[in-house]
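# Coordinate inspection notes
Letter by letter, the chains look like this.
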Amino acid sequence: MGSLPVSAELLVIGADPVGLFAAFCLGQIGIRVTVLEKESGLSQLPRACMFYPQPQFALADAGIWKAIIKGGGFRSTGIDIRLPPTPDGNDRKVPGQIVGSFPKDPNHDPLGTSVRPPAISMLNMAQPEFTKILMQSALETGAATYTIHQRLASKLRHGRCLLAGDAVHVNNVIGGLGLSNCLMEAVALSDALILVLEEGKPANPVLTMHSDERRQVFQFFIDPVSSWSKLRIQAGEHDDWFFRCLKDTSSAAFERWIDMMENFWPTRIKDMAKVM
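Residues numbered from 1 in each chain as written. Predicted model: local features only at pLDDT ≥ 70, side-chain atom pairs only at ≥ 80, totals over all residues. Heavy atoms only, no water.

### Points about the environment of Gly236
Here Gly236 lies in the loop between helix H6 (203–235) and helix H7 (241–247). Sequence separation between Gly236 and Asp248 is twelve residues, and the spatial gap between their C-alpha atoms is 21 Å. (Helix = DSSP H or I, 4+ residues; strand = E, 2+ residues; numbered from the N terminus.)

Written out as structure tokens, the structure is:
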């Protein structure tokens, strides 16, 4: 992939959405980043294809929303949760029964920016196209099998080596939380590195705090929610608390769910570091 620039302040290993988005966020403020990728090109595996509102806000704040829409991304409103597909008798399958739905946005604009809950608007874009846009955006600033499993590394850093995305955690695809969580992690990691490299905060407490906080997001939000979602769909269960709260968006249970989506998912490292 060529020789390593001697002027690089930071190495990002892996040209996946997490590494590229982190490189873009850091490059925007002038930190010299070099991205290393062992493959000759970007992965064309489909993998993730939708993003929840919080990552959409992060993409808009980073200034690449227009590029995503121009590249074919679009918003859909609401989410239908279905049981597994069933055979139709002609060697094909039909979509499963809808057993729950997130609220729809009454002012839906498929090319607009995201809306705040309780309405849910999803950004839809295949990962290869999304990764290509991130690569192009990062540059402007200076066959594998997917296995369903739940794993979390014991820490996100070892000395000056930092981990993010699938290098740290993996979860099953039900609910589409994986890549959205990884993008939120890229934001948090970028903020932590900005504090260290640009604002002179001590590296050890800042990066340790980042590691601890992001592990908690996976432990207490991503892991249980994605696990519950998979078990719920496999069991054909559609009358538990989750589906009941979707039917009553004024309930306390639904408000708690939305609060997790809005406030627990992001890690506001800069605010936390103010007390250091």
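After presenting the structure, the write-up continues.
### A word on the sheet that holds strand S4 (residues 74–77)
Ordered by their spatial adjacency, three strands build an open sheet running S3-S9-S4, and the pairing between neighbours is antiparallel. Each edge of the sheet is formed by a strand with only one pairing partner; in this case those strands are strand S3 (50–51) and S4. By the bridge criterion, two bridges tie S3 to strand S9 (residues 121–124) in an arrangement that is antiparallel. Looking at S9, one finds that Phe51 is bridged to Leu123. Those strands touched by helix H2 (residues 53–62) are S3, S4 and S9, and its axis lies near 60° from that of S9. (Pairing = 2+ DSSP bridges. Contact = heavy atoms within 4.5 Å. Axes fitted to C-alpha atoms, helices over the stretch in contact; angles between N-to-C directions.)

### A look at the pattern of salt bridges
Overall, the coordinates contain three salt bridges when judged by the stated rule. Between Glu185 and Arg214 there is a salt bridge whose closest N-O contact spans 3.7 Å. Here the residue Glu185 occupies a position in helix H5 (residues 178–197), and Arg214 occupies one in helix H6, the gap between them amounting to 29 residues. The same class applies to Glu185 as to Arg214, namely buried. Between Lys274 and Asp271 there is a salt bridge, and its shortest N-O distance comes to 3.5 Å. (Salt bridge = Lys/Arg side-chain N within 4 Å of Asp/Glu carboxyl O. Buried < 20%, exposed > 50% of the residue type's maximum accessible area, 1.4 Å probe, protein only.)

### Quick look at the packing of aromatic side chains
Using the criterion set out here, one finds eight aromatic pairs in the structure. Here the aromatic rings of Phe51 and Phe130 are separated by 4.6 Å at their centres, their planes lie at 40°, and the arrangement is tilted. Of this pair, Phe51 sits in strand S3 while Phe130 sits in helix H4 (residues 127–140), and the two are 79 residues apart along the sequence. Per residue, the accessibility class of Phe51 equals that of Phe130, and both read buried. Ring plane angle 70° and centroid distance 5.3 Å describe the contact between Phe242 and Trp257, whose orientation is recorded as edge-to-face. Taken together, the residues span a long stretch of sequence, with Phe242 in helix H7 and Trp257 in helix H8 (residues 252–264) at a distance of 15 residues. (Phe/Tyr/Trp six-rings, centres within 6.5 Å; stacked < 30°, edge-to-face > 60°.)

### A look at a nonpolar patch on the surface
A grouping of Leu11, Ile13 and Leu36 is seen on the molecular surface, where their side chains present a nonpolar patch of about 300 Å² in accessible area. Take Ile13: it is sitting in strand S1 (residues 10–13). On the basis of relative accessibility, which here comes to 73%, the residue Ile13 falls in the exposed class. (Patch = residues over 30% accessible without salt bridge, like charges linked within 9 Å, V, L, I, M, F, W, Y side chains within 5 Å. Areas by Shrake-Rupley, 256 points an atom, 1.4 Å probe, with all protein chains shown as cover.)

### Things to note about the environment of Asn171
When you line up the elements, Asn171 lands in the loop between strand S13 (169–170) and H5. Its relative accessible area of 4% is what places Asn171 among the buried residues.

### Examining the pairing of strand S2 (residues 33–36)
Here four bridges tie S1 to S2, and the two strands are oriented parallel to one another. Pairing of Val12 across the sheet is with Val35, part of S2. Regarding the hand of the β-α-β motif, the stretch spanning S1, helix H1 (residues 17–28) and S2 is right-handed. (Right-handed = clockwise from strand over helix to strand, strands pointing away.)

### What about the nonpolar core?
Taken as a class, soluble globular proteins show a tendency for nonpolar side chains to be buried jointly. Ranked by internal contacts, the top residues of the largest apolar core, which has 41 residues, are Phe21, Leu59, Ile64, Ile68 and Phe130. Broken down by secondary-structure element, the contributors of at least two residues to this core are H1, H2, helix H3 (65–70), H4, H5, H6 and helix H9 (269–273). Per-element tally for this core: the top contributor is H5, with eleven residues. Judged by nonpolar contacts, the second largest core, of 25 residues, contains Ile81, Phe102, Ile120 and Leu177. (Core = buried A, V, L, I, M, F, W, Y, C linked by side-chain atoms within 4.5 Å.)

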